[in-house]
Amino acid sequence: MGELADYLRAAKRILIFTGAGISTGSGIPDFRGPNGVWKKRAPVYYSDFMNSEAARIEHWDYKLEGGEAFRSARPNDVHRAIVRLEEAGKILLVATQNIDGLHALAGTSPARLVELHGTNSLVECQSCGWRDEPAPHFEFFRLHRRTPRCECGGFLKPATISFGQGLLPNDLARAETAAHEADLVIALGSTLSVYPAAAIPLLVARRGVPYLIINRGPTEHDTEPKVRLRIEGDVVEIFPPAVEEALTEGK
Ligand SMILES: [Zn+2]
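This structure is a prediction, so every number in the text was calculated from the model and none was measured.

Novice: What exactly am I supposed to notice about the sheet that holds strand E5 (residues 131-132) here?
Specialist: Strands pair in a sheet through their backbones, by hydrogen bonds, and they do so in one of two ways: parallel or antiparallel. Strand order in the open sheet made by the 3 strands is E5-E4-E6, with antiparallel pairing throughout. Single-partner strands in this sheet number two, and they are E5 and strand E6 (156-160). Taken together, the 2 bridges between strand E4 (residues 118-125) and E5 define a ladder with antiparallel strand orientation. Paired with Val 123 across the strands is Asp 132, a residue of E5. Along the sheet, helix H4 (residues 53-72) makes contact with E4 and E6, crossing E6 at roughly 45°.

Following this line, the structure appears as structure tokens:
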């Protein structure tokens, strides 16, 4: 534990990279895990969503079914520990693969947050980019079993990145800019197997900056020679106490 706290204490511009493993403690299902949603239901590809009402209905129905877990989820000690680091002036950027909106809910400021795979907290028009809160659109879908449209006629879609859909260029650019400025990079609860998102911590590490990984189970960067510290186990048990130690000692 001491070594992790030492890194946190020394750092001034931390890039935190998070994955599903930090949100399982908040009741969010791990899509890729052994009981993952995608084991039960095939994901809808972006081109199908754009071309077929049946595919749009399937996607909205999948999001409606999964919505309850997201609506009832609350941030846990990992999300809060990251906010504490930000309040201590140590966070450069939080880049998350999670679509649950829990970093924002915990209090990570928008200027310090990039949701690489989008968010379930909004719906977005695929034609004009208009964004809105999801609740009324889910209600429309539930009542009519037709998918909601924007006033411009475009298809509304929960603002998450679908299979076959690229990441938003602006989000990637913000993460890459931070990768060139960070003095510590920590991957929390990610198998680091989904690209291009997982390339971001490597960008930092290849500058010679310390790269730390905390995850339960193997990650695809475990054999990466640039990894300085690899801690195996539950992030919720490991990370918050280390933050506490780093911020309370050696001030
Ligand atoms: Zn529109």
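Novice: Explain the environment of Ala 20 to me, please; I cannot follow it from the model alone.
Specialist: Inspection of the secondary structure puts Ala 20 in the loop between strand E1 (14-18) and helix H2 (37-40). The spacing of Ala 20 and Asp 100 is 80 residues in sequence and 9.3 Å in space, taken between C-alpha atoms.

Novice: Got a minute to help me understand the side chain of Lys 157 in this structure?
Specialist: By the secondary structure assignment, Lys 157 is in strand E6. Buried charge without a partner: Lys 157 forms no salt bridge, and the closest opposite charge is Glu 124, 6.7 Å away. One polar contact links the side chain of Lys 157 to the main-chain carbonyl oxygen of Thr 160, over a distance of 2.8 Å.

Novice: Help me understand the side chain of Ser 162 in this model?
Specialist: By secondary structure assignment, the location of Ser 162 is in the loop between E6 and helix H8 (169-179). Those residues within four positions of Ser 162 in sequence are excluded, and the remaining contacts are Val 44, Tyr 46, His 59 and Lys 157.

Novice: I'm lost on helix H10 (residues 235-248) in this one. Help?
Specialist: Along an α-helix, residues three or four apart share an orientation, since each turn contains 3.6 residues. For H10, built from 14 residues, the straight-helix expectation of 20 Å at 1.5 Å per residue is met to within 8% by its first-to-last C-alpha distance of 20 Å. Among all positions of H10, only Val 235, Ile 238, Phe 239, Pro 240, Ala 242, Val 243, Ala 246 and Leu 247 are buried. Buried-residue contacts for H10 involve helix H1 (2-10), E1, helix H5 (77-87), strand E7 (184-188), strand E8 (211-215) and strand E9 (227-232). Two to three positions downstream of the cap, the backbone nitrogen of Val 236 sits 3.0 Å from a side-chain oxygen, assigning the N-cap of H10 to Asp 234.

Novice: So what exactly am I meant to see when it comes to H8 here?
Specialist: Those residues of H8 lying buried are Asp 171, Leu 172, Ala 175, Ala 178 and Ala 179. Looking down the long axis of H8, one finds its buried residues gathered within 125° of arc, a one-sided arrangement. Turned more than 90 degrees away from the buried face of H8, the exposed residues are Pro 169 and Asn 170. Looking at the buried residues of H8, the elements they touch are E1, strand E2 (91-96), strand E3 (113-115) and helix H9 (199-205).

Novice: Would you mind going over the pattern of salt bridges with me for this structure?
Specialist: Pairs can form between side chains of opposite charge whenever their charged atoms are close. Within the structure shown, the criterion is met by 11 salt bridges. A salt bridge links Asp 77 to Arg 80; the shortest N-O distance between them is 2.9 Å. You can see Asp 77 and its partner Arg 80 sitting in helix H5, 3 residues apart, about one turn around the helix. A residue is classified by how much of its surface remains accessible, and Arg 80, at 41% relative accessible area, is partly exposed. The closest approach of N and O atoms between Arg 206 and Glu 224, which form a salt bridge, is 3.4 Å. With Arg 206 in the loop between H9 and E8 and Glu 224 in the loop between E8 and E9, this pair connects stretches of sequence that are 18 residues apart. When its relative accessible area of 54% is taken as the criterion, Arg 206 is described as exposed. Take Glu 224: its relative accessible area is 17%, and that puts it in the buried class.

What counts, and at which threshold
- Residues numbered from 1 in each chain as written.
- Predicted model: local features only at pLDDT ≥ 70, side-chain atom pairs only at ≥ 80, totals over all residues.
- Heavy atoms only, no water.
- Pairing = 2+ DSSP bridges.
- Helix = DSSP H or I, 4+ residues; strand = E, 2+ residues; numbered from the N terminus.
- Contact = heavy atoms within 4.5 Å.
- Axes fitted to C-alpha atoms, helices over the stretch in contact; angles between N-to-C directions.
- Buried < 20%, exposed > 50% of the residue type's maximum accessible area, 1.4 Å probe, protein only.
- Lys, Arg positive; Asp, Glu negative; His and termini not counted.
- Salt bridge = Lys/Arg side-chain N within 4 Å of Asp/Glu carboxyl O.
- Polar contact = N/O pair within 3.5 Å; in protein donor to acceptor, adjacent residues only side chain to side chain.
- Expected span 1.5 Å × (residues − 1).
- Arc of directions from axis to C-beta.

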